[in-house]
Structures are given as C-alpha cells and as structure tokens.
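Spelled out from the first residue to the last, the chains are:
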Amino acid sequence: MRLNTIFSLAVVAGIVLLSSCNNPTKPVEQTPVAKKEVVVNPPSYNSDSAYAYTQTQVDFGPRNMNSKGHDDCGKWLIAKIKTLADTVYVQTFDVTAFDGKVLKCTNIIASFNPKATTRILLTSHWDSRPWADQDKVDRNKPILSASDGASGCGTLMEVARAMKSKPSSIGVDIFFNDAEDYGYTGTLSDLVTIKNPSADNEDTYCLGAQYWSRNPHVPGYKADFGILLDMAAGHGAVFTRDGTSAYMAGWVQDLVWSNAQQIGLANYFSNQNTPSLTDDHYYLNKIAGIPTIDIIAYDAASSSHLFPSYWHTHNDNMSVIDKNTLDAVGKTLLYTIYKYDAEHKAQ
C-alpha cells in the first residue's frame, strides 16, 4: 500500500501534519436518525475460510498490474464471487500510469439484493505493489502483498459467503478495486522513470477507485455508506481513526467503532485520532459522494511512523496474517450490516 498524509486533524508535537495536496472540501455532516433497540443476529464468520481465501490469492504470486499473477487471480476472484453473489459486474478499462505504462485494469463488483435501495458498500483493492520500495533488498521486484491487498479481499469473500447463507433485506455491494498500489512516492526515484513530472501526488494511486467513482457499475449508484479494508489482518493490528475518515464520514466511523465495541472488539478499534490518508475511501467520498471510512492498521513505532513494518516490503507475506484479526474485522462488518438491516426493518 502507499497512503500519503494529505491533512491532519491533530497537532503532534506542536506541528500540524500536512502534505502538498489541498485539503478536501468537508461534506455536509450527516446525522443518522435515532434508532430503536433491535436484536442483531448476523450469520457466522469463519476466519479459517477468510485465511484460505487470502492464501489462494497469494499462491498466484505477485498480482501486480499486467502480470500473469494478476490475470490469473482476477479470473479466480470473478469465478468465485459469482458462486456467492446475486449479480456480478466486471469493469475492464485501461489507464496510463505516472511512468507512462498502460495498465490493463479490472474492477469487480458483487451485488447482494441488487434491487434494494438501502445499500452498504464494502471495498478492498486486489492488485499488489510492483516494487518493494520500502525494503533494503530486491526493491525493484514485486511483492506478495498478503496483508496489503489479499487479506482485504479474503475478508470480504468470507463476508460474501456468510451473507449467502443468510440474506439481508438491505443491499450490499462488494467492490474489489484494481490498480490501487501502482502509485508514485519519492522512494521510487531510483527505480522508476517518471514520464509525467506533475504526477508526484496522491492521485497516482487508487486508479480503480477513481475510475469507478466516475463510472459506477450502475448509473446513478448510491450507497448509504462505505467501508474500506486495507492492511486489516496483521498480528496485533490496531485500527485508529484516520483523519480522512473522521473528516469526511465521521458518523460512519462512529457507527463502526461503536459496533466493534458492542461485540467486545474495542481492543482492535482504537479511538486514537491519527493522520489523514489518501486511500480509496478519499475518492469514494470526494468523487462518488459516498461517505466511506478506512479500516487500516496504524503503527507509530514502525520506520514509516504510520503503517506496519512490512508495508511495501517482501515481508508482506502470509506470516503476517493473523486469524484473530481477520475474525475481528469480519465480525464487525457482519454485525454492522445486520444491525443496519434490523434497524431499517424496525422503522
């Protein structure tokens, strides 16, 4: 993954953390209507299954853009999710990256109860980083991206399996977005020639999410809110309140963090406010207008002072994946979906 700080809501050591990107325009804050107390009974979530779905993707090898691993994994994702979802949409498109390379992209959107007007969007990227730019060895080689990519899709695939066993009355869309991690940072300066000097910014990332936000799979698509997973499966992961989520979709962040607390998972979902991130959720908020948050691991003790130590290195392999973390995230997602469903039935 990449994720550059674009603005910060907190002052650390007296310094406001900013980047060269302009602050996004804050949307009109949405205040949910008070909900009645409801009984929530989501289907069971199997972390062994989520782990297996993650392993299957990693077994294809690196899934960097235009590679055989990418093509083979994409075919598997489409075939597998078709056995679980009501409807599957596949978007194929080309984009030109910052280095001039044309990327062959595939967005995959799986819809459950597609006729429902009340909808939740869940998303994760499925491509992998083509360089180990944060590593000290083999920096020019692609990485396996077990956590930063495969684990999010593995979690959502298991959510899909659970939902098939017990359909909800609201709609849910699972979006596997492509070309998220083919973006520029200064650490690539010795590895990649930049064809577009103006591309040294956050917009070189999240290309699949940017495309979908401008070209949704269904014209006029709307969702009540969205949840992004990114590096949400590592050992000892803690998910903090990143500034972009808090600023652009604070009520969704409150909702999900409260749900995690209600089911005894507060140790994973911290109320600590941390720097704002440019991730797929930024574009879903800014372009698509869907209030979306990021569930992403934070590690101030790492060399990046932001992401886990395996970020953008060859250490991002299956050894970093923890079934307990997969379980916590998956159960929080299912509880959020089925509680939202129960509350709408009660209205």
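Residues numbered from 1 in each chain as written. Predicted model: local features only at pLDDT ≥ 70, side-chain atom pairs only at ≥ 80, totals over all residues. Heavy atoms only, no water.

Details of the pattern of salt bridges
Move 1: One pass over the structure, following the stated rule, counts 11 salt bridges.
Move 2: The closest approach of N and O atoms between K104 and D94, which form a salt bridge, is 2.9 Å. Of this pair, K104 sits in strand 4 (residues 102–112) while D94 is found in strand 3 (residues 87–96), placing the two residues 10 residues apart along the sequence.
Move 3: Judged by relative accessible area, which is 48%, K104 ranks as partly exposed. (Salt bridge = Lys/Arg side-chain N within 4 Å of Asp/Glu carboxyl O. Helix = DSSP H or I, 4+ residues; strand = E, 2+ residues; numbered from the N terminus. Buried < 20%, exposed > 50% of the residue type's maximum accessible area, 1.4 Å probe, protein only.)

A word on the pairing of strand 6 (residues 171–177)
Move 1: Among the seven residues that make up strand 6, seven are buried, leaving the element largely enclosed by the rest of the structure.
Move 2: Note: strand 4 against strand 6, five bridges, orientation antiparallel. In the sheet register, A110 faces strand 6, and the bridge partner there is I174.
Move 3: By the bridge criterion, seven bridges tie strand 5 (residues 119–125) to strand 6 in an arrangement that is parallel. Note that in strand 6 the partner of L122 across the bridge is I174.
Move 4: The β-α-β motif built from strand 5, the intervening helix 3 (residues 146–165) and the parallel element strand 6 has right-handed crossover chirality. (Pairing = 2+ DSSP bridges. Right-handed = clockwise from strand over helix to strand, strands pointing away.)

Some points on helix 1 (residues 47–59)
Move 1: Taking 1.5 Å as the rise per residue, helix 1 with 13 residues should run 18 Å; its terminal C-alpha atoms sit 18 Å apart, in good agreement.
Move 2: Every buried residue of helix 1 is accounted for by S47, S49, A50, Y53, T54, Q57 and V58.
Move 3: Those residues of helix 1 that are buried are in contact with helix 2 (68–82), helix 3 and helix 7 (323–346).
Move 4: Between the side-chain oxygen at the start of helix 1 and the backbone nitrogen of D48 there is a gap of 2.9 Å, and the oxygen is on N46.
Move 5: Remark: G61 follows helix 1 within two positions and exhibits a positive phi of approximately 85°. (Expected span 1.5 Å × (residues − 1). Contact = heavy atoms within 4.5 Å. Polar contact = N/O pair within 3.5 Å; in protein donor to acceptor, adjacent residues only side chain to side chain.)

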